[in-house]
Structures are given as structure tokens and as C-alpha cells.
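# A look at the structure
Listed here are the chains, written in short residue letters.
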Amino acid sequence: MRSRDAGADAAGAGPEAPGAGEGGDGGHRRGGLMAWIREIAIILGVAIVLSFLIKTFLFKAFYIPSESMVPTLEENDRIFVNLFVPRNFALQRGEVVVFKDTKGWLPEVPQPAPNPVQEGLEFVGLLPDTSQQHLIKRVIGLPGDHVVCCDASQHITVNGAALSEPYVNPAETPHVVPFDVTVPAGSIWVMGDNRNHSSDSRYHNSVQPGAGFVSIGDVEGQAAVIAWPLNRIRSLDSYPDTFKDVPAPK
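Residues numbered from 1 in each chain as written. Predicted model: local features only at pLDDT ≥ 70, side-chain atom pairs only at ≥ 80, totals over all residues. Heavy atoms only, no water.

### What about the nonpolar core?
What tends to happen in soluble globular proteins is that the nonpolar side chains get buried as a cluster. Judged by nonpolar contacts, the single largest core of 17 residues is most densely connected at I140, V147, I156, L163, F179 and W189. Secondary-structure elements contributing two or more residues to this core are β5 (146–149), β8 (179–182) and β9 (187–191). With sequence-adjacent residues up to four places away left out, L163 is seen in contact with I140, H155, I156, V158, T242, F243 and V246. If you look at the next biggest cluster of nonpolar residues, it comprises 13 residues, including L73, V96, I136 and L236. (Core = buried A, V, L, I, M, F, W, Y, C linked by side-chain atoms within 4.5 Å. Buried < 20%, exposed > 50% of the residue type's maximum accessible area, 1.4 Å probe, protein only. Helix = DSSP H or I, 4+ residues; strand = E, 2+ residues; numbered from the N terminus. Contact = heavy atoms within 4.5 Å.)

Here's what the structure looks like:
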């Protein structure tokens, strides 16, 4: 290569010069293309690593497959779940939480054929979790709480305090499903906002393992925001005013 370059220089503007110049530009273009590909690969790699770290330690995306939380959450919404709760911060009444179904609440459904690409993107956090192994409900009772349905006005009470529940679906009058429970240590009592279409703690308190209570250890995190569709982007309210008068459990 050194001898050919020297010959080209000596030829000056002779017949070999244009060919040598084109070869140099072609090499530059190839080098520029490879540099661009490397840069894109680095950007994608960093994005995947960051997405995985965020999904593992900060926020995780989930897909809403049912109407059990209408009107708070609509079917096909995508949400971000705050993983700091309950990992670093205690659960609060009124928070919407995603939890693993370890008690067999969900009916068995045929599993779709594995899609390695989708599973990989879900694993690194670039797609929301679409597995059929999680549920989403609102926390009504914390450990030690005495939760009852219902008082004379058909209100749920927690430690004797009646709840006014603005998050419940106003399109239907909730069916009364009587219960009287005290939440054990390490557990919560959860209910869907769409009361007539939610198979929640009320329907598992006598026939399912756990007696309708959800282990805090099964809670993935607090549903923080709706991320999709764009016209529904918003943070999710935990309605602290609904529970502000609830006394501490005895």
C-alpha cells in the first residue's frame, strides 16, 4: 500500500490519480458507515441496559387486560408501576397495586405460543408485561384493619369508619357482597373499582388459599401513571381524603 500511494503522488494529475482518489473516498464512506453502525449499536445497547435497570429497580410497565378497574383504568391501558412501593415505602390505603397471582385467583387460560422477541423485549422493559400472572386492585385494608361490608347506608367500613368511595364505577350500583374480616399481618385486602366486574378479595375469602388476603410480598408495586394511550396519560390518585378518618387498627 505504501508503494502504490507513493506512485500515485508521483503521477500527480496523471491517469492513475482519479482512481486513487475514488478509492480513498470509498474507504472513507465505508469507515463512516461502520462508525455510524457502531454508534447506533452503542446507543441501542445503552438504551436496553437503562431500560432493564429502570424496569428492575424503579418502574415497570404493565398492560391492563380487563375491565375490573373501570373507570380508573380502561381495558388495554398501559401503566407504569412504582417499584419503590412496598420495597422502600409502606403501602397506603387507596393505592392501586399490581400483585402476582400466587393464590390461584385467575382462571386457567390457554397459553399462547412463545414469542421470543416479545418475551425478550418484555424482559428488558421495552414492552409492558402482558403475562397472565398478575392482577391489579385498590388497597382497602392494611394489616390489622377490620373491614366490613356493609353498614346501614351500604358503605364499606374500615375500623368502624364508613368510606365514601369516589373511585367506584358510577355507571352501576355495586352488588352487596357481605364480608367481615380482619386483615392478618403481612397482608392486604383489595377490591376493584368496577365492583360488579371484579373478582377480588370478596370472592376468594372462603374458597381460595389465603382467604382473600394478598401477601404484601406478592405486591410488585404501586400503579403510578397511565402511559398509553396518549389521551389517557395521567397519574393515578390514591384518594387520601377517603381514608383520612380511618382510625388505626386496634
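Moving on from the model shown.
### Some details on unusual backbone geometry
Cis geometry is found at the peptide bond from V85 to P86, where omega equals 5°. Its place among the elements puts P86 in helix α3 (residues 84–87). Although it is not a glycine, Q154 sits at a positive phi angle of roughly 65°. Among the structural elements, Q154 can be located in the loop between β5 and β6 (157–158). When its relative accessible area of 47% is taken as the criterion, Q154 is described as partly exposed.

### With respect to the sheet that holds strand β7 (residues 161–162)
An order of β7-β6-β5-β8 is seen for the four strands of this open sheet, with the pairing classed as antiparallel. At either end of the open sheet lies a strand with only one pairing partner, and these are β7 and β8. Where β5 meets β6, two bridges bridge the pair, whose relative direction is antiparallel. Of the residues in β6, the one forming a bridge with V147 is V158. (Pairing = 2+ DSSP bridges.)

### Comments concerning the packing of aromatic side chains
Following the criterion strictly, the structure yields four aromatic pairs and no others. A centroid spacing of 5.0 Å and a plane angle of 40° characterise the contact between F179 and W189, whose relative ring orientation is tilted. You can see F179 sitting in strand β8 and its partner W189 sitting in strand β9, a full ten residues away along the chain. As far as the burial class goes, F179 and W189 line up, both buried. (Phe/Tyr/Trp six-rings, centres within 6.5 Å; stacked < 30°, edge-to-face > 60°.)

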